[in-house]
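Examining the three-dimensional arrangement
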Amino acid sequence: MGVLSHLRVIEIGSSAATSYCARLFADFGADVQKVEPPPGDPLRHSAPLTPSGHSAWFAFLNFNKSSLIIDATAPNAITRLTALIEDCDILVDGRDVDSADCPSIDIAVIRQRRPGLIYLEASWFGRGGPYAGFAATDSTVRALAGLVKLVGPVEGPPLHAPDFQTGILAGLWGFIAVASSAIARMQGGAGRSWSLSIFESSLAISEYLMFEAFARGDVMHRIGINRFWPGFPVGIYETKKGWLGVTTVTPAQWRAFCDMLGLPKFRDDPALVLGEDRLQCIEQIERQFIPRLKRRTAQEWFAEGLKRKIPIVPVPEISDLLLDTEKNVRGAIVPVLLGEEEGLTAGSMQRLTLTPPRRGGKVPAPGEQQAFANAQAHLTGTASTSSGCIDAGRLPLQAIRVIDFSMGWAGPLCTRTMADLGADVIKIEAIQYPDWWRGVDRRPAHVDGRMYEKAVSFCIMNRNKRGITLDLTRPRGLALAKRLLVGADIVVGNYSVDVLPKLGLGYDVLRTLNPRLVMMSMSAFGANSIHRDCRAYGSTLEQGSGLPSVTGNPDGPPVMSHIAFGDPVGGLNGCAAVLVALIHARNTGQGQFIDLAQIECMMPFAAPWITVGSMGGLPPPKFGNRHPQFVPHGCFRSAGEDNWIMVAATDEEMWQRLAMLIGRPDWAADASLKSAEARRAIEDVIEEGVTLWTQSRDADEAMSELQAAKVAAGVARMPKDLLTDRHLASRAFLQDVERAFVGLHPQPSMPIREGAGPYAIRTAAPTLGQHNRDILSGLLGLSEAEIAQLVREGIIGKAMLSEEELPKTKNVSSD
């Protein structure tokens, strides 16, 4: 019996986002019924295909579901589908992306009859705004979301990864919306109705750079393959054997990297202390260290990096992942059955240790029902009979308390999402070791000027939270943390795996204090991994995931897609995992430990290639900006300096409209060019024709003309462009918030909405120790005298210590 075996989910329409959302429910035992037309979901034909012609992408999105065939032309189609929905807990609707010939139903009427129904509707761009109704693909959406233009060679074109990203990101957001609604319903609330914007879901990856641009201006540009603002080196480099992912963020990591390579001149240069300073000397530095890296293998450097606590990692090929015993044992790679074919794919990354997810499964044939042990667990009609007596303004996670020991991006995004949804999140820092996203510069001038309070990225990730300081290395600070944990529902940490246990805050201790507590560790490789001591950032997670090996040009190196791709992906997966565990805790009173390995959270983006590789044994092809299914497909130059637009023809009709628009009616009329495979023979010629047309037009003008012809297209935006994006403005996506030391600044909304507007941002991010008195007095009952004594002892405070003021003890570091 899975954690979610009491839930029945109906999935209609065809979109990767809704399919992945529903699969996350199936992973934990929900009865997921996928409604398809007689020919099957169009995604069943998505490339890449297995040797027998099954879609590896569809397989990843749909194993462990059942399939129901409903013919929209049948007289009873609407009645049959309505009855199915009225007998379910959750309806996941992808019809706005592709209706897949689904019968027309009246959701509003159904929800009136079944107020407990939880409803999620996904669309490319939301219900309204200038982009609503745009033809779109994964790549055109990522271009608009600022996720393409910064990647690739300086001269262009920008490079982008395969088409398996927006569906996963939006699917996670959809799952978070629905799971939080299920928790609210357990407390007596009614079902909720959500709209999900796939475009806005992708902005979770962009928002760090968006708001750095707000704070610093026009400082980021495309600076080359595997190079990213604001740090250096953060990239992938060739070794004697294999490729190595390198990241240096802190001054200590840079010094250790230089020591490892025998570069004392760089180590001791005060002008190279910070990564942003090193960006000015890329060529000079790389000339020295690239030849040195080729003296040893990637595995040898990895072992050396572990000793020196440097975030470096071998960059695996897909074949390496398939042979990785640990990833198979942990369930990051699982068996999947597609008809008669047996293969492997990416499993559930929500690693709940007490109630783990299913390990692989079967992809249903059209119309196939799968028999699971929980098939009769759902009680007909009981799920949707809630009276909805709770106040309509109540947020889904209201009355949930979260203790947040996390730093940086991944953990704080996880807890921020819960805070946005109404949870009381208490962020614990220390004046000795505050969140490093406040800045890693500990020099006196930086500290004395309170620059650590002016980091906009910290403000973005920590809104709607309360913040206190506690020195956890001191007995009194530790005791106070334990008192907070006694009354908590969830605790999240992304320190290195041994930090909290060594402080006396391991799960074995905490579960005796609070048996219903859900505790999540967000490490790089997992708490029990042989690589558990590896230091990692979001860049490291991408480097070690397998994704770079399928990104880039066929004759080029593995290519990273982002400065810190793994951070937001880990944060969203972490939030999803915690919500599943919370449902179990609310049902049973049992808490549990979640062992989230963030490097595994990146593997779904390479899932189709894992499946194909597991069956054929050949390395997956790299397409560059081309596509295994769509021709043409690419990033094309437009008028002006470094302006680009993503264009894709996804079917025969779209191809013909594109050909007519660019002045090639002969191509549109040529019957020999109807199929994508036929067009692939002259792909170079077609791309030249598209470029000739786009480069004579402003990028936005070209997009408008293409979209008017219903051709999928999206301008390749810079992150700073999103601050003034007309579509986001029309949807009030950016909300202005006032905060001390920063002033009025924009904050991004969640991509999930219950109404026309976004959830309001209630409070700005806390200043260091802002809520010390409120929490220590209000929650724990400390007197003013006791609080004053804690200040005198340095256990709490509101001012960060400089490097010179730090005690000479071991630092508390995060992954």
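Note that the coordinates shown come from a computational prediction; the quantities given were computed from them, not determined experimentally. Residue numbers run consecutively from 1 along every chain, following the written order of its sequence. Two thresholds apply to this predicted model, a pLDDT of at least 70 for residue-level local features and 80 or more for giving and counting side-chain atom pairs, whereas whole-chain, interface and lining totals are computed over all residues. To obtain the side-chain values, all non-hydrogen atoms of the structure were used and water was disregarded.

Turning our eyes to something else, we now look at the environment of alanine 170. Helix and strand assignments follow DSSP, with helices taken as H or I runs no shorter than four residues and strands as E runs no shorter than two, numbered in order from the N terminus. Looking at the secondary structure, you find alanine 170 in helix H6 (residues 166-186). Judged by its relative accessible area of 0%, alanine 170 falls in the buried class. With 27 residues separating them along the chain, alanine 170 and serine 197 place their C-alpha atoms 7.5 Å apart. If sequence neighbours within four positions are ignored, alanine 170 has contacts with Ala17, Leu196, Ile198 and Ser201. Accessible area is worked out with a 1.4 Å probe on protein chains only. A residue is then buried under 20% of its type maximum, exposed over 50%, and partly exposed in between. A contact between two residues is defined here by any heavy atoms of the two lying within 4.5 Å.

Counting buried residues in strand S8 (residues 243-247) gives 4 out of 5 residues, a clear majority hidden from the surface. In this description, strands pair whenever DSSP reports at least two bridges between them. Summarising the sheet, strand S7 (residues 234-238) and S8 pair through 5 bridges and their orientation is antiparallel. Each bridged residue has a counterpart across the sheet, and for glutamate 238 the counterpart in S8 is tryptophan 243. The antiparallel pairing of S7 with S8 creates a hairpin that spans 4 residues between the two strands, and glycine 242 there sits at a positive phi of about 90°. Where S8 meets strand S9 (residues 312-315), 4 bridges bridge the pair, whose relative direction is antiparallel. Within S9, the residue paired with glycine 245 across the bridge is valine 313.

Further remarks concern the nonpolar core. Counting residues in hydrophobic clusters, the biggest one holds 198 residues, and the most contacted among them are Phe25 and Met418. Excluding residues that lie within four positions of it along the chain, phenylalanine 25 makes contacts with Leu4, Leu7, Val9, Ala30, Val32, Ile90, Phe175, Val178 and Ala179. Put simply, a nonpolar core is a bunch of buried Ala, Val, Leu, Ile, Met, Phe, Trp, Tyr and Cys residues held in one set by side-chain atoms that sit within 4.5 Å of each other.

Here we take up the confidence of the model for the protein chain. pLDDT runs from 0 to 100 and stands for how confident the predictor is about each residue. Overall, the predicted model of the protein chain reaches an average pLDDT of 94, with 97% of residues at or above 70. Confidence drops under a pLDDT of 50 for residues 373-391, and excluding neighbours within four residues, the segment shows 40 contacts in the predicted structure.

Bringing the sheet that holds strand S18 (residues 592-597) into the picture now. Strand order in this open sheet of 6 strands is S15-S14-S13-S16-S17-S18, and the pairing throughout is parallel. With partners counted over all chains shown, the strands left at the sheet margins are strand S15 (465-469) and S18, one partner each. Neighbouring strand axes in the sheet, compared pairwise and without regard to direction, differ in orientation by 20° on average. With 5 bridges joining them, strand S14 (residues 424-429) and S15 adopt parallel strand pairing. Residue lysine 427 lies in a different strand from S15, and its bridge partner there is glycine 467. Note on definitions: angles span 0 to 180 degrees between N-to-C directions of axes, and those axes are lines fitted to C-alpha atoms, for helices only across the stretch in contact.

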